[in-house]
Amino acid sequence: QVQLVESGGGLVQAGDSLRLSCAASGSISSINTMGWYRQAPGKQRELVADISSSGRIQYVDSVKGRFTISRDNAKNAVYLQMNSLKPEDTAVYYCNARISRYYYDPRRSDYWGQGTQVTVSS
């Protein structure tokens, strides 16, 4: 089994900061892209940020300049530093990883964490 566990969510005021963490464990051969998605009530899930195995990063426009994604390959972990939080950032944040489980099998599958709630009050 592969498991992704998130932590770091909470209730904060506008302008505050949070740092989300996610670690993958289990039967893993390699991890390609790791990232963070979020979903607010009544809205579709959207990509917040992701980072490839080579370090290529992308952000959704609404968080550019405020959020920073980073990765620790030795720990199979990904982090999201969120600064200058806004009420519009309120959502459940999900960790995502595209993983190959076996060295002899190049197929990759997406795995998801349970989600961590981020609530930003005005």
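Further up the page is the structure itself.
Fair warning: this is a prediction, and the values are worked out from it, not measured in the lab.

**Q** How should I be thinking about the overall build of the protein chain in this particular structure?
**A** For the protein chain, the helix and strand inventory stands at 0 helices and 11 strands. Of the regular secondary structure in the protein chain, the N- to C-terminal order runs β-β-β-β-β-β-β-β-β-β-β. Expected size for 122 residues packed as a compact globule is a radius of gyration near 14 Å; at 14 Å, the protein chain falls within 12% of this value. For the protein chain, the proportion of contacts with a sequence separation of at least 24, taken over those separated by at least 6, is 56%. Working note: accessible area of the protein chain is about 6900 Å², and carbon and sulfur atoms make up 43% of it. Counting 14 positive and 10 negative side-chain charges, the protein chain places the centres of these two groups 4 Å from one another.

**Q** Teacher, can you tell me more about the pattern of salt bridges here?
**A** Opposite charge on two side chains permits pairing when their charged atoms draw close. If you walk through the whole model with that rule in mind, you get 6 salt bridges. Here Arg 98 and Asp 110 are joined by a salt bridge, their closest N and O atoms 3.1 Å apart. Placement of the pair is Arg 98 in strand β9 (residues 91–100) and Asp 110 in strand β10 (residues 109–112), with a sequence separation of 12 residues. Arg 98 sits in the partly exposed class, given a relative accessible area of 36%.

**Q** Where do I start with the environment of Arg 38 in this structure?
**A** Residue position: Arg 38 is located in strand β4 (residues 30–39). Separated by 78 residues in the primary sequence, Arg 38 and Thr 116 have C-alpha atoms spaced 9.3 Å apart. Once you skip the residues sitting within four places of it in the chain, Arg 38 turns out to touch Gln 44, Arg 45, Glu 46, Val 48, Ser 62, Val 63, Phe 67, Asp 89, Ala 91, Val 92 and Tyr 93. In this structure the side chain of Arg 38 is engaged in a polar contact, spanning 2.9 Å, whose partner is the side chain of Tyr 93.

**Q** Would you explain the side chain of Glu 6 in this entry?
**A** If you trace the backbone, Glu 6 turns up in strand β1 (residues 2–7). Salt bridges are absent for the buried Glu 6, whose nearest opposite-charge side chain, Arg 45, sits at 9.5 Å. Within the structure, Glu 6 has its side chain in polar contact with the backbone nitrogen of Cys 95 (distance 2.7 Å). Here the side chain of Glu 6 touches Gln 114 through a polar contact of 3.0 Å, landing on its backbone nitrogen. The contacts of Glu 6, once residues within four sequence positions are left out, are Ser 21, Cys 22, Trp 36, Tyr 93, Tyr 94, Cys 95, Gly 113, Gln 114, Gly 115 and Thr 116.

**Q** Where do I start with unusual backbone geometry in this structure?
**A** Leave glycine aside and you will find that most residues have negative phi; peptide bonds, for their part, are mostly trans. A positive phi angle, near 50°, is found at Asn 76, a position not held by glycine. Looking at where Asn 76 falls in the secondary structure, it is placed in the loop between β7 (67–72) and β8 (77–82). Taking the relative accessible area as the measure of exposure, Asn 76 reaches 26% and is therefore partly exposed. If you check the backbone angles, Ser 84 has positive phi at about 50° while not being a glycine. By secondary structure assignment, the location of Ser 84 is in the loop between β8 and β9. Judged by its relative accessible area of 41%, Ser 84 is partly exposed.

About the cut-offs
Note that residues are indexed from 1 along each chain, following the sequence as it is written. Restriction of local features to residues with pLDDT of at least 70 applies here, the model being predicted, together with a cutoff of 80 or more for giving and counting side-chain atom pairs; totals for whole chains, interfaces and linings are based on all residues. Calculation of side-chain values draws on the structure's entire complement of heavy atoms; hydrogens and water are dropped beforehand. The helix and strand labels rest on DSSP assignments: H or I over at least four residues marks a helix, E over at least two residues marks a strand, and numbering proceeds from the N terminus. Between the two quantities, the radius of gyration covers C-alpha atoms and the globule rule is 2.2 Å times the number of residues to the power 0.38. By definition in these notes, contact holds between two residues if any of their heavy atoms fall within 4.5 Å. For the accessible areas, the method is Shrake-Rupley and the probe is 1.4 Å, while residue cover comes only from the protein chains on display. A positive count includes Lys and Arg, and a negative count includes Asp and Glu. His and the chain ends are not counted in either. For the purpose of locating charges, the reference atoms are NZ of Lys, CZ of Arg, CG of Asp and CD of Glu. Definition used for salt bridges: Asp or Glu carboxyl oxygen within 4 Å of a side-chain nitrogen of Lys or Arg. Remark: exposure states derive from per-residue accessible area (1.4 Å probe, protein chains only) relative to the maximum for the residue type, with buried under 20%, exposed over 50%, and partly exposed in between. N or O atoms within 3.5 Å of each other form a polar contact, as long as, within protein, one can give a hydrogen and the other can take it, and as long as residues adjacent in sequence are counted only when both atoms are side-chain atoms.

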